[in-house]
Amino acid sequence: MDMVRNEVRQLNPEQYTETKALDHASQQARQRNYQDFLIVDVDAHHYESESYKDVFSYIENPVIKMEAMDSMTRAGRSGFLNNQVGYQSLGGRMTRHKNRAFFKARGDRHRDVDWTLDWMDAMGVDYSCMFPTPMLFLGLHPQVEIEVALCRAYNHWLCERILAQEPRIVSMLYLPFNDPEWAYRTVRDFGDKKGVVGFMVTSPRYKPVHDNAYMKTYALLQEMGKPISFHAAYSWDDRALATTNRFISVHSLGFMWFNMIHMTNWVVNGIPERFPKLKTMWIESGLTWAYCLMQRLDHSYMMRTSDCPQLKRKPSEYMQDMYYSSQPMEVPDDLSILEATFKMIKAETQLVWSSDYPHWDFDLPSVIYDLPFLKEQAKRNILGANAARLFNLDSKPVKTIP
Amino acid sequence: MPECFVAKASELKDGDRRIVVSGPHEVGVFFKDGDYYAYSNYCVHAGGPACEGILVNNVVDILNGDQTYEGQTFGDAVHFACPWHGYEYDLKTGECIGDRKLRLRKYNVVKRGDEIFVVI
């Protein structure tokens, strides 16, 4: 029950906390009794760039480490790491991106642990899968060895400074996919670390997922029972996307584009037949792309089975065995369209809720919980039980909603 | 319907606002260009604190007479943006800019002497 409240507030950014900023999310959590069941967020973020000095200290190669450390002293000039043009904060309309600078850690643990737990509790989340932010573009770095070096440094840092400190925060670790041998070694070296529930490929990159060089990595992931995920992002440097002139355009298309390509290559080349127990997840492309691609591939497959002779079923049937993170969930005015999408991807068992918090288009659990066409058990599956099964998490709720 | 005290009029500068909480109600009260406006603080999108974001004028694409594009500028309409996701609302009407069929609940504001009240 909410307490009876009577107050007049002024806006004071210096008093910003996640608990205050997400007070309305906590109201939703209490009204919907989230304390009674598990909620797992399979895609959330922190800003690892705020900890680069610390992360860079984990770089193993001494030459690259020296270059990285030196780059810290020349902010604003040519960078050691690549980045993307973008204005997610909409000119400051999303105030949390600026105001979070006022957040203060409470104890000895890394600031990101306290900050993450605060927003998780406010939303009613029990476990959250933490991903980086600027590193989502690292697959476009022209120097493959930099991707490898930073990936390993970040993974070491994340395991030691975050995952080992807080059991409610887990991660699917970054795979340096542009170097297949180092991708394999990353799974081998980090697969058993505390809080590592899988591995993640950042989607903006130009490597075909069906290249023979990746087969031993897929085999190892399958053997370890760890899922592989493809986390979407955009590239405004992509030749086609470079013709767009607004962030809404490059974001709407880019976050689907790379995953549509990887999914097509993944299915057409029979990866699900070669590794039938390898669990695969597609992150942050929304849902409409899958609904579209299933129909598109099935239609062509019936005429061109000779193009994909490894397949024993229609492409959509393989896609229905995969997992999809929900955010940014497109919610049309006509909910029967969304209901059809849920049916197409077998949402009750394959859809896993994600917030993408604190990014600009984050979703709350209510985006699933308030859908009128879902039964209570289906809601609970999507919000937590499906992910708990995928990540092998305890199903008992552990959050404290403010 | 009860009147809830907002602030003394002399305390509110142009562009200032207060969030009035009364039981289950949260209302954002704005003072802008000599007028008071009050709306529900729950965004029509995801329930975010709609009245707690920035005030910003509408953005306009400048087109020439031959329909060629010249650039962008700000127009005269004042909007406020929900800080969660950027849903924008017309300050004068509470209408959601992306779909004007959607609007925030509007509340009456009354001034008694130097004191401002919102009727909830």
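Bear in mind the structure is a predicted one, so any value in this text is a computation, not a measurement. (Residues numbered from 1 in each chain as written. Chains lettered and ligands numbered in written order. Predicted model: local features only at pLDDT ≥ 70, side-chain atom pairs only at ≥ 80, totals over all residues.)

Another aspect to go through is the overall build of chain B. When helices and strands are tallied, chain B shows zero helices and nine strands. Taken from N to C terminus, the helices and strands of chain B fall in the order β-β-β-β-β-β-β-β-β. Principal axes of the C-alpha set define a box for chain B whose edges measure 55 × 30 × 20 Å. Sorting the 120 residues of chain B into buried and exposed places 38% on the buried side. A fraction of 43% describes how many contacts in chain B between residues 6 or more apart in sequence connect residues 24 or more apart. (Helix = DSSP H or I, 4+ residues; strand = E, 2+ residues; numbered from the N terminus. Buried ≥ 20, exposed ≤ 12 C-beta atoms within 10 Å, placed from the backbone. Contact = placed C-beta atoms within 7 Å.)

Take the overall build of chain A next. Of regular secondary structure, chain A possesses 17 helices and nine strands. Whereas a compact globule of 402 residues would reach a radius of gyration of roughly 21 Å, chain A reaches 21 Å, a difference of no more than 12%. Its C-alpha atoms give chain A principal-axis dimensions of about 70 × 55 × 45 Å. Across the 402 residues in chain A, those meeting the buried criterion constitute 45%. Put simply, 81% of the contacts in chain A that link residues at least 6 apart link residues at least 24 apart. (Rg over C-alpha atoms; globule rule 2.2 N^0.38 Å.)

The strand order across the open sheet formed by seven strands is E1(A)-E2(B)-E3(B)-E4(B)-E8(B)-E9(B)-E1(B), and the pairing between neighbours is antiparallel. Of all the strands in the sheet, just strand E1 (6–9) of chain A together with strand E1 (3–8) of chain B have a single pairing partner and so form its edges. Between one strand axis and the next, the sheet turns through 25 degrees on average, direction left out of account. Where strand E4 (residues 35–40) of chain B and strand E8 (residues 106–112) of chain B come together, two bridges link them in antiparallel fashion. Note on E8 of chain B: the bridge partner recorded for Tyr39 of chain B is Lys106 of chain B. (Pairing = 2+ DSSP bridges. Axes fitted to C-alpha atoms, helices over the stretch in contact; angles between N-to-C directions.)

This part takes up the nonpolar core. Ranked by size, the top nonpolar core spans 140 residues in total, and within it Met123 and Tyr154 of chain A together with Val118 of chain B carry the most contacts. Ranked by the residues each element gives to this core, the list is headed by helix H7 (residues 144–163) of chain A, at eleven residues. Other than its neighbours up to four places away in sequence, Met123 of chain A contacts Leu22, Ala25, Ala29, Ser355, Leu364 and Pro365 of chain A. (Core = buried A, V, L, I, M, F, W, Y, C linked by C-beta atoms within 7 Å.)

The next point concerns the sheet that holds strand E4 (residues 169–174) of chain A. Residues and elements named next belong to chain A. Spatial strand order, E2-E3-E4-E5-E6-E7-E8-E9: eight strands in an open sheet with parallel pairing. What marks the edges here is a single partner per strand, and that holds for strand E2 (40–45) and strand E9 (351–352). Across two bridges, the pairing between strand E7 (residues 280–283) and strand E8 (residues 323–325) is parallel. In the strand pairing of E8, Trp282 is matched with Tyr324.

A few words on the environment of Val8 of chain A. Among the secondary structure elements, Val8 of chain A is positioned in strand E1. Between the C-alpha atom of Val8 of chain A and that of Trp266 of chain A, which follows or precedes it by 258 residues, the distance is 56 Å. When neighbours within four sequence positions are excluded, Val8 of chain A is seen to be in contact with Phe5, Val6, Ala7, Arg18 and Val20 of chain B.

Another point: the pairing of strand E2 (residues 17–22) of chain B. The sheet contact formed by E1 of chain A and E2 of chain B spans four bridges and is antiparallel. By the bridge assignment for E2 of chain B, Val8 of chain A is matched with Val20 of chain B. The hairpin formed by E2 of chain B and strand E3 (residues 25–32) of chain B contains two residues between the paired strands, and Gly23 of chain B there has a positive phi angle of roughly 60 degrees.

Checked against the element boundaries, Val6 of chain B lands in strand E1. Residues Val6 of chain B and Val109 of chain B, spaced 103 residues apart in sequence, show a C-alpha to C-alpha distance of 9.2 Å. Not counting the four nearest positions on each side in its chain, Val6 of chain B is found in contact with Val8 of chain A together with Arg18, Val20, Val29, Ile116, Phe117 and Val118 of chain B.

Further remarks concern the interface of chain A and chain B. Contacts between the two partners involve 19 residues from chain A and, on the opposite side, 23 residues from chain B. Looking at the side of chain A that touches chain B, the elements that each hand over two or more residues are E1 and helix H2 (23–31) of chain A. In terms of residue count, E1 of chain A provides more of the side of chain A that touches chain B than any other element does, four residues in total. The residue inventory of the side of chain A that touches chain B, partitioned by class, reads seven nonpolar, six polar and six charged. (Nonpolar A, V, L, I, M, F, W, Y, C, P; charged D, E, K, R; others polar.)

What follows deals with H2 of chain A. Residues and elements named next belong to chain A. Those residues of H2 that fall on the buried side of the exposure criterion are His24, Ala25, Gln28 and Ala29. Buried residues of H2 fall within an arc of 150 degrees about the axis and therefore sit on the same side. The elements touched by buried residues of H2 are helix H6 (111–123) and helix H16 (366–369). Immediately beyond the C-terminal end of H2, within one or two residues, lies Asn33, with a positive phi of roughly 60 degrees. (Arc of directions from axis to C-beta.)

All of the buried residues in helix H8 (residues 180–190) of chain A are Trp182, Ala183, Tyr184, Thr186, Val187 and Phe190 of chain A. On its buried face, H8 of chain A sits against H7, E4, strand E5 (196–202) and helix H9 (215–224) of chain A.

Residues and elements named next belong to chain A. With their axes 9 Å apart at the nearest point, H8 and H9 run at an angle of 15 degrees to one another. Classified by the angle between their axes, H8 and H9 sit roughly parallel to one another. Judged by the sense of rotation from one axis to the other, the crossing of H8 with H9 is left-handed. Where H8 abuts H9, its residues Pro180, Ala183, Tyr184, Val187 and Arg188 lie against Lys216, Thr217, Leu220 and Leu221. Its residues placed into classes, the contact of H8 with H9 shows six nonpolar, one polar and two charged. (Parallel < 35°, antiparallel > 145°, perpendicular 65-115°, else oblique. Left-handed = near helix turned anticlockwise from the far one by under 90°.)

Moving on, we come to the environment of His251 of chain A. Residue and element names in this part refer to chain A. On the secondary structure map, His251 appears in helix H10 (residues 247–268). The class of His251 is buried, set by 21 C-beta atoms lying within 10 Å. Residues His251 and Ser235, spaced 16 residues apart in sequence, show a C-alpha to C-alpha distance of 8.7 Å.

Now for the packing of H10 of chain A against helix H12 (residues 288–301) of chain A. All names here are of chain A. For the pair H10 and H12, the least separation of the axes is 11 Å and the interaxial angle reads 40 degrees. Looking at the two axes, H10 sits oblique to H12. For the pair H10 and H12, the sense of crossing is right-handed. From H10, Met256, Asn259, Met260, Met263, Thr264 and Val267 reach across to H12, where they touch Trp289, Leu293 and Leu297. A class-by-class count of the residues in the contact of H10 with H12 yields seven nonpolar, two polar and no charged.

The subject of this paragraph is the confidence of the model for chain B. Mean pLDDT over chain B: 97, with 100% of residues reaching 70 or higher. The complex prediction reports pTM at 0.96, with the ipTM value standing at 0.96. (pLDDT = per-residue confidence, 0-100.)

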